[in-house]
Amino acid sequence: MSLIRALSKELEARSDDSLRALFAARPDLMSPAVPDFSALAARASARVSVQRALERLNRPQMQVLETLHLCTNTDTEHSASAVGLRKLIAGSTVVALERILASLQELALVHRAEPPHGTAASGHRHPYYLPVGSLKDVVGIYPAGLGRSYTELVRLQPAFAQRVVQLVAELHRSGVSIQNATTPMEAALALQHWTSSPEALSAALAGAPERTTALLAKFRNWAMGAVPQAQRKASVSNQGADVGPVDWLLARGLLVPLDAAHVELPHSVGLSLRDGAIINDFSLSPPVPELGSTTAALRRNAALGAIAETLRLVGDLLHAVREQPLATLRSGGVGVREMKRLAETLRIDQHRAGLLLEVSALAGLLRLDVDSSSWVQPPQLEWLALPRQEQWLWLVNAWLASERVPSLVGQPANGPGGVPSAHRALAGNTVNALSAEAQRPDAPVVRKRILEILEELTQEAAAADGTAPVLDAAAVLQRAEWTQPRMARRFSSLIRGVLAEAELLGLIGSGALSQLGSAIAEDNPDEALGILGEHLPAALNHVLLQADLTAVAPGYLAPELAEKLLVMADAEGHGPATIYRFSANSVRRALDAGHDASSLLEFLREHSATAVPQPLEYLVEDTASRHGRLRVGTAASFIQSDDEATVLELAAESKAAGLGLARIAPTVLISTAPPRETAQVLRGLGLSPSVDQAQPGVVRLRRTTGVPGSTRPVYTAPRTAPAEDDVAAQLAVLRNGRPAANGNHTRAVPGTGEAATQLGLETLQRAIRLKQRVSMNVVDSQGNCCLETVVPLSVTGGRVRVFDPVKETERVLSIHRIIDIEAAEELRQ
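Going along each chain's sequence as written, the residues are numbered from 1 onward. Owing to the predicted nature of the model, reporting of local features is limited to residues with pLDDT of at least 70; listing and counting of side-chain atom pairs is limited to 80 or more, with chain, interface and lining totals taken over all residues. Only heavy atoms go into the side-chain values, all of them from the structure, while hydrogens and water stay out.

One finds Leu357, Trp383 and Trp392 to be the most contacted residues of the largest nonpolar core, which totals 78 residues. Only DSSP runs of H or I with at least four residues qualify as helices, and only runs of E with at least two residues qualify as strands; both kinds are numbered from the N terminus onward. For this core, the element with the highest residue contribution is helix α16 (residues 296-323), accounting for 10 residues. The contact criterion used is simple: two residues touch if any of their non-hydrogen atoms lie within 4.5 Å. Excluding residues within four positions of it along the chain, Trp392 makes contact with Ile307, Leu311, Leu505, Leu507, Leu516, Ile520, Ala528 and Leu532. For the purposes of this section, nonpolar cores are sets of buried Ala, Val, Leu, Ile, Met, Phe, Trp, Tyr and Cys residues that join through side-chain atoms within 4.5 Å. Partly exposed describes any residue whose relative accessible area lies between the buried limit of under 20% and the exposed limit of over 50%, with all areas from a 1.4 Å probe on protein chains only and scaled to the type maximum. Leu54, Met62, Val64 and Val132 belong to the second largest nonpolar core, which has 51 residues in total.

Structure follows, in structure tokens:
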């Protein structure tokens, strides 16, 4: 029977509660809604859906599923039970395996099947299972880390097939207990029989070179390895006493060369090295890492210090960008020179400046101005007026929801598939801040999962004296590899960066998960706000003015005060106790911004805990007295006319107000618009101007990115289960054959639509593996349908290559021309 049809019957027999649990664990099965159980089974068997489901399995579940895949055959319907699996999984019990198999059945990754032919009656007490058909494609060619069989390697590796007969003959002549062979397939079977015995393999390895055991240990978790000159000629008859372990294994066929740089450990060899067990590290409980500890006070102070410092630096960064926007590169992102300038302004290293810049941008505190191709601060930024704890939550929410990874800034640029490219790293190409290379669509899910793992480890290692465990990347990665082994590669590439970003935001303090981080991991931002509001020192609203023309900030200043001080003084030093130095240039900068001497002195008196020193007062008044004697303005073009009356009339024309006209002489006007734009407006007024300087023949449209009324980010955790109303509507469709809201009682025909496509592909792939004939209705280019009986050979790229036994020819058919397909053997039955 078809695996999809068998799964469909099993799903239809489930209760509504069981289907709800299935949809909660695999929400993609009902997105979009399915019309019937056949379509549901087809979608549950699809490769993409199975791959998503496997990403949520823990290590014991994956180990059981891979073992079931290796000891069953979906084509011949040879099933397996927990009793059979227990012999192949060292350290397991039948009860534990049956519980895991039941959980996999709930996830529709396996389904119940009939026992194999010849099974004793006593064996029927335990249920037998088969995995979904697409599992083979999803787990890859090395399930459970074991390689392919000798027969498959002979079929797929022509170079190995050419020498395997000679290899077996040399082994036979050297006294190895192996049967001689005359064909590559016979030789493969002989090698498979010889290496299938752990005792025989151990006896052979007893005479191996010294480092052979250590080399084979590297193949413990993966069957393929990198070896230089893997296709070298190695022979048992020509080996000397100083032979290396690689040559020794290649000469005996215990390693099979794949290409010039890679070898593979065959299935039977790997299985014998594990003493006949497919899994030899089975455990139902996760590994417990060895962790250090820190005090609660040290953790809290470190987290609060990081938060206060980050808020201060973000405020300084916004002021620096407002004073001088960050120019972008043609390829996107902010270049090294701009980052160096920003880091010097903030008095921090470039890596930290890149993190802060990314966090500020993903929080919406900066935006890209299209006209100037630079990053600027939006006007009327709400973040600056918020309390400090709400400023922090704004940044954390944006970080959790962002698909950007700030810690990638400065790392080697990625090649295809997101993998760091070695030649790019050697060439010096790194990820620029705010560039597309820092984009990772899976970042929110990985980031949230890492916080949850930190919370789990913290709860498990909690001590009665209040000390907290210090968590490093190795401990988190070890737990991640156990809870979601299929996601381990994503975790390994992001985990160190995520921990650094979490420490920057105060979610980690002194290496331990802070109370704030625990509240965020549990999706309780209100609790985090309460904790932060209670412990974070309030921002100061005063400074200490000194006679040496400096102002000392005795703590973290309010953003408004710090921003205004940066306008009239230059910041020096690091940390919260910043020193602001006044000079003629800094005071002149404040005067250029529109302030006058009286307003500056009034501001200093209002925000100083001491009286304004006389030297500072003299500096402000003296600089202001000399300011403004010369004025510099902006003009993009000028208008000159000998007719003074025309100039006066044009200056008063309301339709020319957009040009920003100003009269600087009786016959001269200046305009803020470029010459070409100014000339167009004047022509629209009926005038006939001439342009003295030619402009490029390109009209540039001025546009800026719109600023919403409020950009405060609100984080919602990634949805792992569909809404209850959607589940109820889907169940109504499945049970009644109609949507819950309408009265159409027409039931969908099983095997149509989505199910028909999957059933057809399943039949084709099974016929290819078993070399069976199929009958298919094919539509030709004229629209005529004809029934053909052929032997399918391969399916790729939307085409199927078939052999016609009647005409004795091969053809290639487009899959979309095939109406239906069925195995010819089933038709005869």
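This part is about the pairing of strand β19 (residues 662-665). Strand pairing is defined by DSSP finding a minimum of two bridges between the two strands. Bridge count for β19 against strand β20 (residues 668-671) is 3 bridges, and the pairing is antiparallel. For Ala665, the partnering residue across the bridge sits in β20 and is Val668. Remark: 2 residues form the turn of the hairpin made by β19 and β20, two consecutive strands paired antiparallel.

It is worth spelling out the pairing of strand β23 (residues 799-804) at this point. Residues of β23 alternate between two faces, with Val800, Val802 and Asp804 buried on one and Arg799, Arg801 and Phe803 left unburied on the opposite face. Judged from the 5 bridges that link them, strand β22 (residues 785-796) and β23 form a sheet pairing that is antiparallel. Directly across from Ser794, in β23, lies its bridge partner Arg801. In textbook terms, the turn of a hairpin is the stretch between consecutive antiparallel strands, and for β22 and β23 this stretch comprises 2 residues, one of which, Gly797, has a positive phi near 60°. Here β23 pairs with strand β24 (residues 809-814) via 6 bridges, running antiparallel. Looking across to β24, one finds that Asp804 is bridged to Thr809. Counting the residues that bridge the hairpin from β23 to β24 gives 4 residues, and of these Glu808 lies at a positive phi of roughly 55°.

Pairing in this open sheet of 3 strands is antiparallel, and the strands run β18-β20-β19 from one edge to the other. Two strands bound the open sheet, and with one partner strand each, they are β18 (637-640) and β19. Averaged over neighbouring strand pairs, the angle between their axes works out to 35° when direction is ignored. Angles run from 0 to 180 degrees between N-to-C directions of axes, and those axes are lines fitted to C-alpha atoms, restricted for helices to the stretch in contact. Sheet contacts for helix α30 (residues 644-651): β18, β19 and β20; angle to β20, the most-contacted strand, approximately 30°.

Further remarks concern the packing of helix α27 (residues 584-592) against helix α29 (residues 614-625). Closest axis-to-axis distance for the α27/α29 pair is 9 Å, and the angle between their directions is 60°. Classified by the interaxial angle, the pair formed by α27 and α29 is oblique. As for the relative orientation of α27 and α29, their crossing is right-handed in sense. Along the contact surface, α27 presents Ala584, Val587, Arg588 and Leu591, while α29 presents Leu619, Val620, Thr623 and Ala624. Here the angle decides the label: under 35 degrees means roughly parallel, over 145 means roughly antiparallel, 65 to 115 means roughly perpendicular, and every other value means oblique. Crossing handedness: left-handed means the near helix sits turned counterclockwise from the far one by under a right angle, and right-handed means the same turn made clockwise.

Turning our attention to the sheet that holds strand β9 (residues 367-369). With antiparallel pairing, 3 strands are arranged side by side in an open sheet as β8-β10-β9. This sheet does not close on itself; its edge strands, each paired only once, are β8 (326-327) and β9. Pairing of β8 with strand β10 (residues 374-376), which is carried by 2 bridges, proceeds in the antiparallel orientation. Counted as the bridge partner of Ala327 is Ser374 from β10.

By definition, a salt bridge exists where a carboxyl oxygen of Asp or Glu is found within 4 Å of a side-chain nitrogen of Lys or Arg. The tally for this structure, following the rule as stated, stands at 28 salt bridges. A salt bridge links Asp523 to Lys448, with the nearest nitrogen and oxygen atoms 2.6 Å apart. Of this pair, Asp523 sits in the loop between α24 (515-521) and α25 (525-535) while Lys448 sits in helix α21 (residues 443-460); the two residues are 75 residues apart in sequence, bridging distant segments of the chain. When its relative accessible area of 43% is taken as the criterion, Asp523 is described as partly exposed. For Lys448, a relative accessible area of 6% gives the class buried.

Positionally, Glu810 belongs in strand β24. Judged by relative accessible area, Glu810 falls into the partly exposed class, the value being 48%. Spatially, the C-alpha atoms of Glu810 and Leu793 are 9.1 Å apart, while their sequence positions differ by 17 residues. With sequence-adjacent residues up to four places away left out, Glu810 is seen in contact with Leu793, Arg801, Val802 and Phe803. In protein, a polar contact requires one atom able to donate a hydrogen and another able to accept it; more generally it is a pair of N or O atoms within 3.5 Å, and residues adjacent in sequence count only if both atoms are side-chain atoms. Among the polar contacts listed, one links the side chain of Glu810 to the side chain of Arg801, at a separation of 2.8 Å.

This paragraph deals with the side chain of Ser49. Considering the arrangement of structural elements, one finds Ser49 in helix α4 (residues 47-54). Residue contacts for Ser49: discarding those within four places in its chain leaves Arg26, Asp28, Leu29, Arg43 and Ala44.

Think of an α-helix as 3.6 residues a turn; residues three or four steps apart then line up on the same face. For α27, every residue scored as buried is listed here: Ser586, Val587, Ala590 and Leu591. The buried residues of α27 occupy one face: seen down the axis, they fall within an arc of 145°. Facing away from the buried side of α27 by over 90 degrees, the exposed positions are Asn585 and Asp592. Packed against the buried residues of α27 are α26 (559-568), β16 (570-572), β17 (579-581), α28 (597-607) and α29. Once α27 finishes, Gly594 follows within two positions and takes phi at roughly 110°, a positive value. Regarding the arc, it is the one traced by the directions from the helix axis to the C-beta atoms.

When you line up the elements, Glu66 lands in helix α5 (residues 59-70). As used throughout, the charge tally considers Lys and Arg to be positive and Asp and Glu to be negative, leaving His and the chain termini uncounted. In this structure, Glu66 is buried with no salt-bridge partner, the nearest side chain bearing the opposite charge being Arg486 at 5.4 Å. Sequence-distant contacts of Glu66, that is, excluding residues within four places in its chain, are made with Pro143 and Ala144.

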